[in-house]
Amino acid sequence: MSLTDKFGRPITDLRISVTDRCNYKCVYCRTGNDGALYSDLPFSEYLRMCRVLVSLDRERFARITRVPDGFDNVLSGIRAAREAGLWPVKVNCVLMRGFNEDQIAAFGKFAREEGVVVRFIEFMPLEEDRVWSPQVVVRLDEILQRMAEYMPLVEIPHALSETARRYRFEDGVGEIGIIAPVSHPFCGHCSRIRITSDGKIRTCLFSVWDHDLYGLMRRGASDEQLEQFIRDVVQRKEERHHIGEADFVPASRTMVHIGG
Ligand code: SF4
């Protein structure tokens, strides 16, 4: 079943969120105190959590995630993923000015020493506290300039629909990625739709509505009806996000309830 939206973009990627529960309360994502304890998370979910490393020092990690003593667990989780043969292990790092932009070179060093791909993400307005502003965003050009002070990078060609721009250090050791939806939007080649952990289709991270696939399945829809539903939904896919624009409307869900 090939899918193309009304802008001619082939929709070839489906991101499925298995849970919206998380052990952390990162300042760029969540508020409140609910969340699961480690023991009741399946290993795959623990590994997903391990992919989010926001700082390379314990104190700052605790300040950003609002969970004390989480740093070592995440580090051991990343190493466990690598030793389990997962490759490449991608470690996402959301950059926020005033929190961790001074650690960009340290993350480059971490990527080289740990043999993981560190992917820097420009902060997007998908957080619960609505603290986003353009001034807090650390943009791609600044990330490249700061990393080049540590060691020059060489860009790796990538598919237009890929969200991350990829770079290798000039000596060939280590790779980083930069996901820059704010300063270098990639909506023109977007190939994604998502299914949330409660069974709703989202055609864009910044959608202001959901489409209830789970409900349709619960009501006994046939495969043909489900296929037609998905095709109709894809025709309603947004052209692009409007971050930082006057007509920007916050998404109907925050990142923790979308899944990424
Ligand atoms: S913001 Fe929406 S349209 Fe743009 S790349 Fe992300 S999901 Fe695709």
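The residue numbering used here restarts from 1 in each chain and proceeds along that chain's sequence as written. Per-residue local features are limited, in this predicted model, to residues with pLDDT of at least 70; the limit for side-chain atom pairs, both in listing and counting, is 80 or more; totals at the level of whole chains, interfaces and linings are taken over all residues. Each side-chain value is worked out from all heavy atoms of the structure, with water and hydrogens disregarded.

A. Here's a closer look at the environment of Phe120. In this fold, Phe120 is placed in strand β3 (residues 117-122). The sequence separation of Phe120 and Ile176 amounts to 56 residues, and the corresponding C-alpha distance is 7.7 Å. Note on definitions: a residue-residue contact is assigned when non-hydrogen atoms from the two residues lie within 4.5 Å. Setting aside chain neighbours within four positions, we find Phe120 in contact with Cys93, Leu95, Ile104, Phe107, Ile143, Met147, Ile176, Gly177, Ile178 and Ile179. For helices the rule is a DSSP run of H or I covering at least 4 residues; for strands it is a run of E covering at least 2, with both sets numbered from the N terminus onward.

B. Expanded view of the pairing of strand β7 (residues 192-195). Partly exposed describes any residue whose relative accessible area lies between the buried limit of under 20% and the exposed limit of over 50%, with all areas from a 1.4 Å probe on protein chains only and scaled to the type maximum. With burial as the criterion, each face of β7 is covered, one bearing Arg192 and Arg194 and the other bearing Ile193 and Ile195. Between the end of β7 and the start of strand β8 (residues 200-202), which pair antiparallel, lie 4 residues, with Gly199 showing a positive phi angle near 80 degrees. By this definition, two strands are paired if DSSP reports at least two bridges between them.

C. Main features of the pairing of strand β2 (residues 90-95). Pairing analysis gives 6 bridges linking β2 to β3, with the strands arranged parallel. Its bridge partner lying in β3, Lys90 is registered against Val117.

D. Representation of the site of the ligand. Note on definitions. A residue lies near a molecule or strand when any single heavy atom of the residue is within 4 Å of it. What surrounds the ligand is the set Phe186, Cys187, Cys190, Arg192, Arg194, Cys204, Leu205, Phe206, Lys237 and His241. Amino acids outside the nonpolar list (Ala, Val, Leu, Ile, Met, Phe, Trp, Tyr, Cys, Pro) and the charged list (Asp, Glu, Lys, Arg) are all regarded as polar, and Gly is one of them. Classifying every residue of the shell around the ligand gives 6 nonpolar, 1 polar and 3 charged.

E. Here's a closer look at the sheet that holds strand β5 (residues 164-169). If you trace the 5 strands from one edge of the open sheet to the other, you get β2-β3-β6-β5-β4, paired in mixed fashion. At either margin of the open sheet sits one strand with a lone partner, and together these are β2 and β4 (153-156). Each strand axis lies, on average, 30 degrees off the axis of its neighbour in the sheet, ignoring direction. Bridge count between β4 and β5: 4 bridges; the pairing is antiparallel. Considered in β5, the bridge of Glu155 is made with Tyr167. The convention used is that axes are lines fitted to C-alpha atoms, helices contributing only their stretch in contact, and that angles between N-to-C directions extend from 0 to 180 degrees. The strands touched by helix α4 (residues 104-114) within the sheet are β2, β3, β5 and β6 (175-179), with β3 carrying the most contacts at an inclination of about 150 degrees.

F. Main features of the layout of surface pockets. Each pocket or cavity is described by its volume, and for the second largest pocket that value is around 200 Å³. Of the residues belonging to the lining of the second largest pocket, the class tally is 6 nonpolar, 3 polar and 4 charged. Cavity: a set of points on a 1 Å grid over the protein atoms alone where a 1.4 Å probe fits but cannot get out. Pocket: an open set with protein on both sides within 12 Å along at least five of seven lines, its lining residues, like those of a cavity, having an atom within 4 Å of a point. Grid points are joined across faces, edges and corners, and a volume is the space filled by probe spheres set on the points.

G. Representation of the environment of Asp212. Inspection of the secondary structure puts Asp212 in strand β9 (residues 211-212). Using a relative accessible area of 32% as the deciding quantity, one classes Asp212 as partly exposed. Along the chain, Asp212 and Ile201 lie 11 residues apart, while their C-alpha atoms are 6.5 Å from each other. Dropping the residues within four chain positions of it, Asp212 is found in contact with Gly199, Lys200 and Phe229.

H. View of the nonpolar core. Of all hydrophobic cores here, the largest spans 55 residues; its most connected members are Tyr28, Val118, Phe120, Ile176, Ile178 and Phe206. Contributing elements (two or more residues each) for this core: α2 (58-65), α3 (71-83), β2, α4, β3, α5 (140-150), β5 and β6. In terms of residues, this core owes the most to one element, α3, which gives 5 residues. Those residues within four positions of Ile178 in sequence are excluded, and the remaining contacts are Phe120, Leu140, Ile143, Leu144, Thr163, Ala164, Arg165 and Tyr167. Ile193, Ala221, Leu226 and Val233 belong to the second-largest nonpolar core, a separate cluster that totals 12 residues. To form a nonpolar core, buried Ala, Val, Leu, Ile, Met, Phe, Trp, Tyr and Cys residues must be joined to one another through side-chain atoms within 4.5 Å.

I. Up close: helix α7 (residues 223-234). Helix span is expected to be 1.5 Å times the residue number reduced by one. Over its 12 residues, α7 runs 16 Å from end to end, which matches the ideal 16 Å to within 8%, given 1.5 Å per residue. Along α7, the positions that sit buried rather than exposed are Leu226, Ile230, Val233 and Val234. In a view along the axis of α7, the buried residues occupy a sector of 100 degrees, so they form one face of it. On its buried face, α7 is in contact with β7, β8, β9 and α6 (213-218). The directions from the helix axis to the C-beta atoms are what the arc is built from.

J. Representation of α4 within the structure. Among all positions of α4, only Ile104, Phe107, Gly108, Phe110, Ala111, Arg112 and Glu114 are buried. Elements that come into contact with the buried residues of α4 comprise α3, β2, β3, α5, β5 and β6. In the stretch just after α4, Gly115 is the one whose phi turns positive, near 65 degrees.

K. Quick look at the pattern of salt bridges. Salt bridges are identified by distance alone: a Lys or Arg side-chain nitrogen within 4 Å of an Asp or Glu carboxyl oxygen. Taken as a whole and judged by the stated rule, the model has 19 salt bridges. A salt bridge links Arg58 to Asp72; the nearest nitrogen and oxygen atoms lie 2.7 Å apart. In this pair, Arg58 sits in helix α2 while Asp72 sits in helix α3, placing the two residues 14 residues apart along the sequence. Given the relative accessible area of 40%, Asp72 is considered partly exposed. In this structure, Arg63 engages Glu59 in a salt bridge whose closest nitrogen and oxygen atoms are separated by 3.7 Å.

Shape is all these values report; function is a separate question.
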